[in-house]
Structure formats: C-alpha cells, structure tokens
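Working through the structure, step by step
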Amino acid sequence: MDLDTVEELVVPLRRDELPVWRPGDAVIAGGTWLFSEAQPDLRRLIDITAMGWAPYEIRDGGLELAATCTVEQLSRLSGQLPPDWTAAPLLHQCCTALLASFKIWKTATIGGNVCLSLPAGSIISLATALDGVATVWRADRSQYTVGITDFVTGAATNVLGAGDIVRSIFLPAAALRGKTAYRKIALAPLGRSGAVLVGRLDRPGDGGTFALAVTGSTTRPVSLRFAGLPTTAELDDALDGIPAQLWHADAHGTPDWRRAMSAVLARQIRAELQ
Ligand SMILES: Cc1cc2nc3c(=O)[nH]c(=O)nc-3n(C[C@H](O)[C@H](O)[C@H](O)COP(=O)(O)OP(=O)(O)OC[C@H]3O[C@@H](n4cnc5c(N)ncnc54)[C@H](O)[C@@H]3O)c2cc1C
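Residues numbered from 1 in each chain as written. Predicted model: local features only at pLDDT ≥ 70, side-chain atom pairs only at ≥ 80, totals over all residues. Heavy atoms only, no water.

**Some points on the UniProt feature "domain: FAD-binding PCMH-type" (unreviewed entry) in the protein chain**
The condition that has to hold: UniProt positions are given in the numbering used here, feature names are shortened, and annotations may be inferred rather than shown by experiment. Numbering goes from the N terminus for both helices and strands, where a helix is a DSSP run of H or I of at least four residues and a strand is a run of E of at least two.
Annotation from UniProt places "domain: FAD-binding PCMH-type" (unreviewed entry) at residues 1-176. The straight-line gap between the two end C-alpha atoms of residues 1-176 is 39 Å; of that span, 25% is helix and 24% is strand.

Listed below in structure tokens is the structure:
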C-alpha cells in the first residue's frame, strides 16, 4: 500500500551517512511488512539496502549474515556451505517456515524478519536453533552484540532503541556442525506457523550438547539446553518448565494447542536425532 505520510526517503551508502534519528523515522529493508499495512506515524524512511553489505561471509568461526541478506539468498546458502556444516539444510527449511509469496521470498530480509520479532519469525527460529548473535549499530555510532534469545523480548518487541540498526546475525561454526531436526505446524496447510521447533545435537568435539529451539508457539524464542540427548521425561519436564504466560495466543493457535503441539514435535525431534 502507499505510505502517503512519508515525505522523504534517505538512502545512505555508508554508516557515516546515516541521518540523525528523529521521531517519524523508520528503517526500511525489504519493505514487505512496512508496505503491508498503514504506517500513519511515519514521515521518513531510511533505506539500508544500498550500504553494499555482502549478503553473507563464510569464516572459520562461522557464518556472518548481513541484515540485508534476503530470504532467497539465505535459502540458497544451504547448498553452498562447507561440507562439515551439517546444519546447512536448516537454512532453507527455516526460510520455508515463512508464509512467503514470490515477492516476499525475493525481497524480505533476515534483518527485517528479526526486527519485526513476530513469534512466527522464521529467521528467529533459525538463529535460536544455531545460537545466533546479532550485531546492533546504535544510533550514537557505538555497537554491541546480543544473542537472539535476548534480542526478542516478546511478541513484536525487542531490545532495539530508537535509531538502532541490526547490522548482521552471526551463526557460530560449532552450531553449524551440529545435526539438526526441524518441525513446523500450522492450523492450515498455508497458514502462519503455530509452532516451529528445531533440535540440534552437537558433535562430541563441540561439547555434545542437545539444544531445542521452541519458537512460533511462544511469544519469544526459548532455547532448552541439555548436556546430551535427554530422555523423553527430561524433555517433557523442560517443556513443562516454560512459564505459562509465554505460550502465545492469536488467530494461528491457542496457548494450549501450541503447548501440546510443541511437546509432540519435541519428541519427534528427539527420536530423529537419537
Ligand atoms: C502476506 C505476508 C505474510 C507474512 N508472513 C510472515 C510470517 O509468516 N512470519 C513473519 O515473521 N513475518 C511475516 N510477514 C512479515 C514480513 O514480510 C517478514 O517478517 C519479512 O521478513 C520482513 O522483512 P523486510 O526486509 O521486508 O522488513 P521491512 O518491512 O523492511 O521492515 C520490517 C520492520 O523491521 C525494521 N527493520 C528492518 N530491517 C532493520 C534493520 N536491519 N535494523 C533495524 N530495524 C530494521 C523496519 O523498520 C520495520 O519496522 C509477512 C508479511 C506478509 C505481507
């Protein structure tokens, strides 16, 4: 839709060209959400897609994803990662958890997905499963890093202050070397995710940890950690320990249904990784 209150578009090419933040400003990346509903308070858009950030960088220590990496670019990466990064298929799997038309697939960015902080944020699922860490540029020109489970604080809320920009998401190699199992459920075949769970079993040399990412069903991402593969009773107990108020309620599922489905999917994941 047209955003007819917007008076100005700024397209910085470098960080020092970012304008001083003022009320009525919004960062725009893919614009798939910003242009999907009325934004009567917006006066100025700051387009970060011309900053020239490489969509991704493969390093010894892990994978750095620029905030402006699109869902399509992320999905394709599944086939381009080092062979010992056994979690590679998860990149594409999590992209498919997004209810995405052709246009969203091509233009939506991973930064936009994380910054919207919806429970159904599929890049949040990915980053939770793989211990993702966001680098945030503060409006005062400093920067900091924050784990994704601390970044998202609730349904559509996060730690970003006015003018903060997510620069990148880093996925560590130790997590990428893990073996993963992915499950998603929705009330309708093309419905928005009601629960997205991902299990990750690390190699013994990387600690042998089992991590279960519970997303979609909770208002903010939850990562349950175990020293190794848990028993089904230990898994059930850990899920029971998630505070009742964290189970999300909206048109895509009731809290009880989400909680029950999460328990079923968690058991399936455990069986797959056993
Ligand atoms: C039909 C439809 C279905 C959708 N389904 C889903 C779904 O299943 N799950 C889901 O999570 N979303 C869904 N969305 C919402 C949205 O399309 C996605 O979340 C998408 O990934 C957002 O990315 P974007 O680059 O288009 O963000 P934009 O629309 O450009 O921005 C989204 C928000 O993030 C802010 N922002 C963007 N990038 C940054 C940055 N780097 N730093 C700081 N702030 C930033 C913007 O200011 C804005 O508030 C859907 C949208 C539509 C229209």
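After that view, the rundown keeps rolling.
**Here's the deal with the site of the ligand**
Applied cut-off: Throughout, the term near means that a residue has one or more heavy atoms lying within 4 Å of the molecule or strand in question. Pairs of N or O atoms are called polar contacts if they sit within 3.5 Å, as long as, within protein, a hydrogen donor faces a hydrogen acceptor (for residues adjacent in sequence, only side-chain-to-side-chain pairs). Every accessible area reported is derived by Shrake-Rupley at a probe size of 1.4 Å, with residue values counting cover from the shown protein chains alone. Note on definitions: the grid is 1 Å and covers protein atoms alone; a cavity is a set of points where a 1.4 Å probe fits but cannot get out; a pocket is an open set with protein on both sides within 12 Å along at least five of seven lines; lining residues have an atom within 4 Å of a point. Here the criterion for a molecule occupying a pocket or cavity is that more than half of its atoms lie within 2 Å of the pocket grid points. Residue classes follow a fixed rule: Ala, Val, Leu, Ile, Met, Phe, Trp, Tyr, Cys and Pro count as nonpolar, while Asp, Glu, Lys and Arg count as charged, and any other residue, Gly among them, counts as polar. Domain segmentation is taken from an automatic or database assignment of domains.
Within the structure, the ligand sits among 29 residues, and Val27, Gly30, Gly31, Thr32 and Thr109 are positioned closest to it. Residue glycine 121 places a main-chain N or O atom 3.5 Å away from an oxygen atom belonging to the ligand. Isolated, the ligand exposes 970 Å² of accessible area, and the fraction of that covered by the protein chains is 87%. When atoms are counted within 2 Å of each cavity's grid points, the one that captures over half of the ligand is the largest pocket. The element best represented in the shell around the ligand is helix α4 (residues 110-116), accounting for five residues. Of the residues that constitute the shell around the ligand, the class distribution is 18 nonpolar, nine polar and two charged. Residues from two domains meet in the shell around the ligand; each of domain 1 (8-47) and domain 2 (56-174) gives at least three.

**Concerning the packing of aromatic side chains**
In plain terms, the rule: Think of it this way: a Phe, Tyr or Trp ring, Trp meaning its six-membered ring, pairs with another when their centres are within 6.5 Å, and the plane angle makes it stacked under 30 degrees, edge-to-face over 60, tilted otherwise. Three labels apply to residues, based on accessible area from a 1.4 Å probe with only protein chains included: buried if under 20% of the type maximum, exposed if over 50%, partly exposed otherwise in between.
By the definition in use, this model includes two aromatic pairs. Arranged with centres 5.5 Å apart and planes meeting at 85 degrees, the rings of tryptophan 53 and tryptophan 137 form a pair that is edge-to-face. Taken together, the residues tryptophan 53 in the loop between β3 (44-47) and β4 (56-59) and tryptophan 137 in strand β6 (residues 133-137) connect sequence positions 84 residues apart. According to the relative accessible area criterion, tryptophan 53 is buried, its value standing at 13%. Note on phenylalanine 210 and phenylalanine 226: the rings are 5.8 Å apart at their centroids and 45 degrees apart in plane angle, and the pair reads as tilted.

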